[in-house]
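Here is what each chain is made of, one letter per residue.
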Amino acid sequence: MIAMNKVLIIGGGVIGLSIARSLSKKGIKKITILERGEIGKEASHAAAGMLAPHAEAEKLDDFFNFCTESLSLYPQFSEELFDETGIEVELDKSGTLYLAFTENDVAEITGRFAWQKQNGLKVEHLSAQEVRKLEPFVSPDVREGLFFPSDWQVENRKLVAALRKFCELNNVQIIENTEVTNLSKNIAETFDKKHEFDIVILANGAWLSLIKTDDFVLPDVRPIRGQMISFNTAKRLFSKVIYSPRGYIVPRKNGKIIAGASVEDVGFDKRTSDFEIEKIMEHTFEISPSLSNLSISEKWSGLRPCSPDNLPVLGEISDNVFIAAAHYRNGILLAPKTAELIAERITGGTISTYFRTFNPNRFSLKTNA
Ligand code: FAD
Ligand code: GLY
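Residues numbered from 1 in each chain as written. Chains lettered and ligands numbered in written order. Predicted model: local features only at pLDDT ≥ 70, side-chain atom pairs only at ≥ 80, totals over all residues. Heavy atoms only, no water.

(A) Highlighting the site of ligand 1. Around ligand 1, 38 residues are found, and the nearest of them are Glu35, Ser44, Met50, Val180 and Leu333. One of the backbone nitrogen or oxygen atoms of Ala48 is found 3.1 Å away from a nitrogen atom of ligand 1. Compared with its free state, where it exposes 1000 Å², ligand 1 has 99% of that area covered by protein. Those elements that provide at least two residues to the shell around ligand 1 are α1 (14-25), α2 (43-46), β13 (222-232), β17 (298-306) and α9 (331-347). (Near = heavy atom within 4 Å. Polar contact = N/O pair within 3.5 Å; in protein donor to acceptor, adjacent residues only side chain to side chain. Areas by Shrake-Rupley, 256 points an atom, 1.4 Å probe, with all protein chains shown as cover. Helix = DSSP H or I, 4+ residues; strand = E, 2+ residues; numbered from the N terminus.)

See below:
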């Protein structure tokens, strides 16, 4: 166990909050979260809440295993959070469809089906009729589809609310509107104070590289904007999350339908644009023309934290400085496993091999090689 009295977590998104909870459950008493704005209002608020390692998988590698291991923690994670806070995070295990509307789409899903089947993953091929039987509001133009029974969704805004409540009920100190600007070996500096720590965890998402430090090399994490829209319907029209190669829709329990998302490398700019919103609408109506009768109830954007190789950055950069960032498109999915690994590492459990794969120093090591 690393000597610790005071643990500081920089960033109160789903990653920072989940780590705080795991550390608290392991008996760590003095935990403080420093949050630049309001807890959980950045990428973790903007997300769609899909827990979809299979639908998004490109290959079987450590990242895929990390995703599926985190997914397998979700039933317990959500049940425990309900017991701990009374907040139901709406883990929905109805599965995910991936639909083809063009010849290219058919080729894409045929390839995806073949390699996933060969590798023993759970995926089913569906005809157009089978798709429409499952989801009658899907376009009659659908050609075929894949069904991923093990890809789920969670209501990410409720998840963040539950994690915040856990922290409040368990004496995790939360300090909002407080940005860490400088970091040295034992001090995180904000506009009004120097916060001493024994251990610090940088969980500040897309803003990781903006912290100034002379003592460490922080990896280059950049923001990738995702714009989203939603529609409200009186009752739930779809039972499953539905992807096409161009977009996705996520039906919530209360009838809300979330549709997204753009993928834009435009810096720290959270504006929405008519151009991208229109593209999202086009891709949404391709999946379900019925939705074109509805008006948009909300549009928003968030900044996905992305590393140079698109993979998470996880582990230590010195004895007492840890990074848990760059979860890019999958931070909601990866929160429970990330929290488990960081908490185990800090409180003396086994050191996961994922710390090697997602090592924060891998970029500087490559440059020097
Ligand atoms: P954030 O939620 O951004 O939290 C970081 C926090 O750190 C922020 O609150 C910020 O204010 C704070 N901070 C920054 N700098 C400082 C500082 N110097 N001092 C103090 N505080 C600081 N993932 C999925 O798993 N499934 C999905 O379906 C999904 N859909 C997405 C859709 C969109 C449109 C977007 C944008 C993302 C989506 N993601 C999804 C990705 C997911 O949202 C992110 O990977 C995840 O939220 C990252 O969590 P985080 O806690 O690292 O970052
Ligand atoms: N994982 C969905 C997104 O990032 O848009």
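(B) The site of ligand 2, seen in detail. The full set of residues close to ligand 2 is Met50, Glu56, Tyr248, Ala261, Arg304 and Arg329. Here an oxygen atom of ligand 2 and a side-chain polar atom of Tyr248 are 2.7 Å apart. Between a nitrogen atom of ligand 2 and a main-chain N or O atom of Arg329, the distance comes to 2.8 Å. Compared with its free state, where it exposes 190 Å², ligand 2 has 87% of that area covered by protein. Across the shell around ligand 2, the residue classes tally to three nonpolar, no polar and three charged. (Nonpolar A, V, L, I, M, F, W, Y, C, P; charged D, E, K, R; others polar.)

(C) Spotlight on the sheet that holds strand β10 (residues 187-189). Across the sheet, three strands lie side by side as β9-β10-β11; this open sheet has antiparallel pairing. Among the strands making up the open sheet, the edge pair consists of β9 (182-183) and β11 (194-196). In this sheet, β10 lies alongside β9 in antiparallel orientation, the contact comprising two bridges. When the sheet's bridge partners are listed, Asn182 is paired in β10 with Glu189. (Pairing = 2+ DSSP bridges.)

(D) Representation of the nonpolar core in the model. Of all hydrophobic cores here, the largest spans 47 residues; its most connected members are Ile9, Ile19, Leu23, Leu159, Ile201 and Ile342. Here this core gets nine residues from one element, more than from any other, and that element is α9. Once residues lying within four places of it in the same chain are set aside, the contact partners of Ile342 are Ile19, Ile201, Leu314, Phe322, Ile323, Ala324 and Phe355. (Core = buried A, V, L, I, M, F, W, Y, C linked by side-chain atoms within 4.5 Å. Buried < 20%, exposed > 50% of the residue type's maximum accessible area, 1.4 Å probe, protein only. Contact = heavy atoms within 4.5 Å.)

(E) Geometry of the sheet that holds strand β12 (residues 199-202). Strand order across the open sheet formed by six strands is β8-β2-β1-β12-β19-β18, with mixed pairing between neighbours. Here the strands that pair on one side only, and so sit at the sheet edges, are β8 (173-175) and β18 (313-318). Here the average twist between neighbouring strands, direction ignored, is 20°. Note: strand β2 (residues 30-34) against β8, three bridges, orientation parallel. Paired with Ile33 across the strands is Ile174, a residue of β8. Against the sheet, α9 engages β12, β18 and β19 (321-325), with an angle of about 170° to β19. (Axes fitted to C-alpha atoms, helices over the stretch in contact; angles between N-to-C directions.)

(F) Highlighting the state of the cysteines. Here the structure, examined in full by the defined rule, presents zero disulfides. Unpaired in this structure, Cys306 has its nearest cysteine sulfur neighbour in Cys67, at a distance of 14 Å. (Disulfide = S-S within 2.5 Å.)

(G) Molecular detail of the pairing of β12. On β12, burial covers both faces: Ile199 and Ile201 on one face and Val200 and Leu202 on the other are all buried. Examined bridge by bridge, strand β1 (residues 6-10) and β12 share four bridges and lie parallel to one another. Each residue of the ladder has a partner; that of Ile9, found in β12, is Ile201. Sheet analysis places β12 next to β19, joined by three bridges and oriented parallel. When the bridges of β19 are listed, Ile201 appears paired with Phe322.

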